[in-house]
Every structure is written in structure tokens, then in C-alpha cells.
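An overview of the molecular structure
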Amino acid sequence: MAFAGLKKQINKANQYVTEKMGGAEGTKLDLDFVEMERKTDVTCELVEELQTKTKEFLQPNPTARAKMAAVKGISKLSGQAKSNTYPQPEGVLGDCMLLYGKKLGEDTVFSQCLIEMGEALKQMADVKYSLDDNIKQSFLEPLHHLQTKDLKEVMHHRKKLQGRRLDFDCKRRRQAKDEEIRQAEEKFAESLQLAQIGMFNLLDNDVEQVAQLSFFAEGLLEYHQQCTEILKGLVSTLMEKKEEAVNRPKMEFVPKTLADLHIEGVHDLNNGRRYGSTQSLSRPRNHIPPSSSVGDLSVDPLRAWDQPRPEPRPDLRSEFRPEHRSMSRPALGFRPHPAPRHYNGKDPWTASPLPSPVKSPARTPMAPAKGPCCTALYDFEPENPGELGFKENDVITLISKVDENWFEGSVNGKTGYFPISYVQVTVPLPNM
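Reference entry: report on the structure contained in this document. All values derive from a computational prediction rather than experimental measurement.

Further remarks concern the pattern of salt bridges. The final tally for this structure, using the stated rule, is 14 salt bridges. Among the salt bridges present, the one from Asp41 reaches Arg158, with a minimum N-O distance of 2.5 Å. Here Arg158 lies in helix H5 (residues 109-173) and Asp41 lies in helix H2 (residues 31-58), a separation of 117 residues in the sequence. For Asp41, a relative accessible area of 30% gives the class partly exposed. The partner of Arg182 in a salt bridge is Glu179, and the shortest N-O contact between them spans 2.2 Å. Of the two residues, Arg182 and Glu179 are both situated in helix H6 (residues 178-203); the distance of 3 residues between them amounts to about one turn of the helix. Three or more residues joined by partner-sharing salt bridges are found here, namely Glu37, Asp41 and Arg158.

Taken in spatial order, the 5 strands make up an open sheet running S4-S3-S2-S1-S5, and their pairing is antiparallel. On the outer flanks of this sheet lie strand S4 (414-419) and strand S5 (423-427), each paired with one strand and no other. If you compare each strand with its neighbour and ignore which way they point, the axes differ by 40° on average. With 4 bridges connecting them, strand S1 (residues 373-376) and S5 associate as antiparallel partners. Each residue of the ladder has a partner; that of Cys374, found in S5, is Val425.

With the rule as written, the count across this model stands at 8 aromatic pairs. On the basis of an interplanar angle of 85° and a centroid distance of 6.1 Å, the ring pair of Tyr378 and Tyr422 is categorised as edge-to-face. Residue Tyr378 is located in the loop between S1 and strand S2 (395-401), and its partner Tyr422 is located in the loop between S4 and S5; the two are separated by 44 residues in the primary sequence. Neither Tyr378 nor Tyr422 differs from the other in exposure class; each is buried. Ring-pair connections join several aromatic residues into one group, and the members of that group are Tyr378, Phe380, Phe390, Phe407, Phe418 and Tyr422.

Take the nonpolar core next. Counting 21 residues, the largest nonpolar core has Ile135 and Phe139 as its most contacted members. Element by element, the count of residues in this core is highest for H5, at 12 residues. Beyond its immediate stretch of four places on either side in the chain, Phe139 contacts Leu50, Thr54, Asn134, Gln212, Leu213 and Phe216. In terms of nonpolar packing, the next biggest core, distinct from the first, is built from 16 residues, Ile396, Leu398, Val423 and Leu429 among them.

On the surface, Tyr16, Val17 and Met21 cluster together into a nonpolar patch covering about 350 Å² of accessible area. Position of Val17 among the secondary structure elements: in helix H1 (residues 2-21).

Walk down a regular strand and you will see the side chains alternate between the two sheet faces. In terms of strand pairing, S1 meets S2 through 3 bridges, oriented antiparallel. Residue pairing in the sheet places Cys373 in a bridge with Thr397 of S2. Pairing geometry for S2 and strand S3 (residues 406-411), over 4 bridges, is antiparallel. Counted as the bridge partner of Leu398 is Gly409 from S3.

The next point concerns the environment of Glu180. Here Glu180 shows up in helix H6. Assessed through its relative accessible area of 28%, Glu180 is described here as partly exposed. Taking the C-alpha atoms as reference points, Glu180 and Phe168, separated by 12 residues in sequence, lie 8.8 Å from one another. With residues up to four places along the chain from it excluded, the contact list for Glu180 reads Lys7 and Lys171.

Reading the values: the criteria
- Residues numbered from 1 in each chain as written.
- Predicted model: local features only at pLDDT ≥ 70, side-chain atom pairs only at ≥ 80, totals over all residues.
- Heavy atoms only, no water.
- Salt bridge = Lys/Arg side-chain N within 4 Å of Asp/Glu carboxyl O.
- Helix = DSSP H or I, 4+ residues; strand = E, 2+ residues; numbered from the N terminus.
- Buried < 20%, exposed > 50% of the residue type's maximum accessible area, 1.4 Å probe, protein only.
- Pairing = 2+ DSSP bridges.
- Axes fitted to C-alpha atoms, helices over the stretch in contact; angles between N-to-C directions.
- Phe/Tyr/Trp six-rings, centres within 6.5 Å; stacked < 30°, edge-to-face > 60°.
- Core = buried A, V, L, I, M, F, W, Y, C linked by side-chain atoms within 4.5 Å.
- Contact = heavy atoms within 4.5 Å.
- Patch = residues over 30% accessible without salt bridge, like charges linked within 9 Å, V, L, I, M, F, W, Y side chains within 5 Å.
- Areas by Shrake-Rupley, 256 points an atom, 1.4 Å probe, with all protein chains shown as cover.

Given below as C-alpha cells:
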């Protein structure tokens, strides 16, 4: 039997070489069989390529696919079944936005929008994972079954048919014994029948194959519908956040100087040595007499206490009469404010109504602003939302006059309301 099998293989090889190189003509099958062979070959290539391209569609990053394949191979060798999840690009981007949105702090509109979009992308990644599982189950697994079972069986019958045809043609060409030719012919006919039936069943399976394609399309439709709903909600939220950012009042920012930060420069140190830093810095604030006008730079602030003390102006003194202490808040939800606060432990109408030109001997008084502004006579601590706090001698930009008792203004990048009796108007509003 071993010799007969070897002899058959030699006959096949002889017939194949004779046909390819010697020009011998083998048995020709009909055109229908040739067409089924062609379609079967195309189907075999299609199934292999379709699986590869579908996996690339579901998992578009080749580096991640290669890494997963390597980990899977190592797991098989080590005997450990380790399953890794493919990192969806939407999820990777969503994690990045969530991380930096939380790092920025949720008190800004931009950070809130980053977190909203990160959450939406994470939801889209979860939907993509569901699509991945759905397509693998309803589309890729049937294709894999077709490749490993039906196509493999058909290709086996075709290969066997080719070998038996070569053996039959070789024996017939060499004019072997009639019994040998008859046996070879019977085997050839059997393989021909099995190959035809297998290819026909494979190519006539349109219903199942179309059903698999429909499952694929339905999965994609469901995926895109869910993503559309997520993106619609995200766009609506971002538009609301945009309107919120547009309607938020613009904060005026005034950079702080070294004097605001109480940092002494070379000029301050030199002045301290010239006039005696011990005496000048140890004088209390209430020993500094006010200048004749706010922002008057003609008087040396370091020698301000050497100047004669001016008499308080009658018009300013009248502002602090007891009848003016009761002020009604503007109709903005504010509660009534008490009388002007004491200045260095003294009543404002017994002390000088004019503010001190400087806070300390080392600080130069601030020149008045060009637009409508006023200068703070006393410290004002806000007690209600919307009120503007400031310190004595602060120059406040005037925005509007709310009523006879309240101004609206801004200082140091903050905007709010404050009592008129706490300030002296330097540059009045156009309508005042």
C-alpha cells in the first residue's frame, strides 16, 4: 500500500509537469464548474480580507492591535488566559479632558465644559465597545466559522479532485491497465461530485450571508444613533455654557505693584536711610496729616506731617451730619448700611475729613484716573453680596450713580456698590 501511494504521487507529479512544461492537455471540466471554482476562490479571499478589515474598522490603531496580539501570544505561552480591552480613541481623549478639566478646577466655565465633553466621549467609547461586541458576535464569528469549516471542507475536496484528475490523466496517457484506469476514473468522479456539491452549497448561502451583513448594518445604525443623542446633549450643554460665559460680567484686572505687595525697592530703602527709617516707619497712620487735595504730588509724602494741618472743608464736614447717617440701600436686595465707620477710632466729623495722601512714608500717593473716579475716605468692608470693598485712599472707577446714597464702581478688578459718603468724587460722572 505504501508503494502504491508513492506511485500515485509520482504519477501526479509527472502529469502536472507534463501539462505545464510539455504541453500535454488534461481533462477539461465544463464552464459551470470552472465558474464555481472562480467564485469559490474569490469567496475564500473575501472572507479572509473581510475579517481583517472589519477588525481594523473596530480597532483602528495598529500599534494597539499589535500590542494586544503580542500580549495574547505571551499569555498563551505562559498558560495564562489574559484578555485585554482595546483602548477606544474616544475613551482615551475623554480621559484626557476629564483629567485636565479637574486639574483646572471646576470654578471656571472652560474646565466645566472640558469635563462635560470628556464624559460624553467616555459614553461614546462605551457605545463603541458595545458595537465591537455586537459585530464580533453577529458578523465576525459566522465569518470565522465559514472560513474554518465550510470553506476548508470545500478547498479539501477541490485539492483532492485536482490530485485524482492528475492521476487519472497520467494513467490514461500512459495507457495503463484498464482496471487501474477504471479505479482512477471512479475516484475522480467521486471527488468531482463532492467538490461541486460543496461549492454549490457555499455559493448558494445568500440568505445567511445577507443576514450577517444586515446585523452589521443594524449595529452601526444603533451605534451612530446613540452617538448622535450623546453629541446633541453635549452641544446643547456647551451652548448653555457659552451663553453663561458671554453674559458673565467682564472683570477689570489691575496688576498689583510692588507697593501693593509691601515689597521695598532700592528707592524706598534710600528714602528710609535719608529721612531716618526708624522714625518714619514707626509713626502711626493717624499722625499723617491730609494734603490739600487728593492726588496732590507737590507735597513730599515723607514730610507730610511737617506741613501745617489744614482746616476741614465745611462742605465735606456737612456730609457727615447725623441726619445723613440713615441711608437707604438701592432697590437691589441690599439691607440698610450703618453710619460711616470710625476713622482710626474717631468720628469722621471730628477727625479730618480729607484722606491721608499716603498709607505709609514709603508709598507715593496714586494720581487720579483719567475717567470718572473717586477716592476712598475710609475703609469699607462689604457686608452683602454685590457690595464693593476698598481701603482708604483707593482710587475707585465710577460706573454709575444708583441713587443719592450709592455709587456703582470698580477697583482692583472687582465691581460692586458702595456708599457715596465713604468717598470723595475726583472726576465726576458725565451726568452728575
